[in-house]
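# Report on the structure
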Amino acid sequence: MSSNRFRRIALSLPGVTEGSHQGHADFRAGKRIFATLGYPDQDWGMVKLAPEQQAVLVEAEPDIFRPVPSGWGKTGSTNVRLASADEKTLKSALSLAWTNVAPKAPATSRKKKQS
């Protein structure tokens, strides 16, 4: 998997924009970052998962996923080894991360008709 393919998959999700955070490309849903490229180097990406999601992916695919070193990893930030990731696995991880931060649609309330 190349960084360009990571970028294309991330940008294919609804409402995603690309920006920059601490010198690395980032991907946002609304104003919230759900993925980045280039940390710790160009061979890696990162997806922002819930700790439970991270545990499942790291256990299932240890050659692809690892917790980000430091406290960020304890909160679900997960490195993705680009060279080991296939498109289906990466799309699944990016979709999970996007869902975790995407703005929720406002609930519409319907008033009950009074008779």
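To be clear, the structure that these remarks concern was listed above.
Here's what I pulled together on the structure shown here. (Residues numbered from 1 in each chain as written. Predicted model: local features only at pLDDT ≥ 70, side-chain atom pairs only at ≥ 80, totals over all residues. Heavy atoms only, no water.)

### Quick notes on the pattern of salt bridges
Opposite charge on two side chains makes pairing possible when the charged atoms of those side chains draw close. Evaluation of the coordinates by the stated rule reveals 3 salt bridges. Here R7 and E18 are joined by a salt bridge, their closest N and O atoms 3.0 Å apart. Highlighted residues: R7 in helix α1 (residues 3-11) and E18 in strand β1 (residues 16-21), separated in sequence by 11 residues. Classification of E18 by relative accessible area gives partly exposed; the value is 37%. For the salt bridge of D26 with R28, the shortest nitrogen-to-oxygen distance reads 3.0 Å. Its relative accessible area of 0% is what places D26 among the buried residues. Judged by relative accessible area, which is 23%, R28 ranks as partly exposed. (Salt bridge = Lys/Arg side-chain N within 4 Å of Asp/Glu carboxyl O. Helix = DSSP H or I, 4+ residues; strand = E, 2+ residues; numbered from the N terminus. Buried < 20%, exposed > 50% of the residue type's maximum accessible area, 1.4 Å probe, protein only.)

### Comments concerning helix α4 (residues 87-101)
Taking 1.5 Å per residue as the helical rise, α4 with its 15 residues ought to reach 21 Å, and the 21 Å between its terminal C-alpha atoms agrees with that figure. Those residues of α4 that fall on the buried side of the exposure criterion are T89, L90, A93, L94, A97 and V101. Along α4, the residues classed as buried sweep out an arc of 125 degrees about the axis, all on the same side. Near the N-terminus of α4, the side chain that reaches the backbone nitrogen of K88, with its oxygen 3.1 Å away, is that of D86. (Expected span 1.5 Å × (residues − 1). Arc of directions from axis to C-beta. Polar contact = N/O pair within 3.5 Å; in protein donor to acceptor, adjacent residues only side chain to side chain.)

### Topic: unusual backbone geometry
The amide bond that connects Y39 to the next residue, P40, takes the cis arrangement and shows omega of 10 degrees. Relative to the helices and strands, P40 resides in the loop between β3 (32-37) and β4 (44-48). A positive phi angle is found at S70, which is not glycine, with a value near 95 degrees. Relative to the helices and strands, S70 is located in the loop between β5 (65-67) and α3 (71-74).

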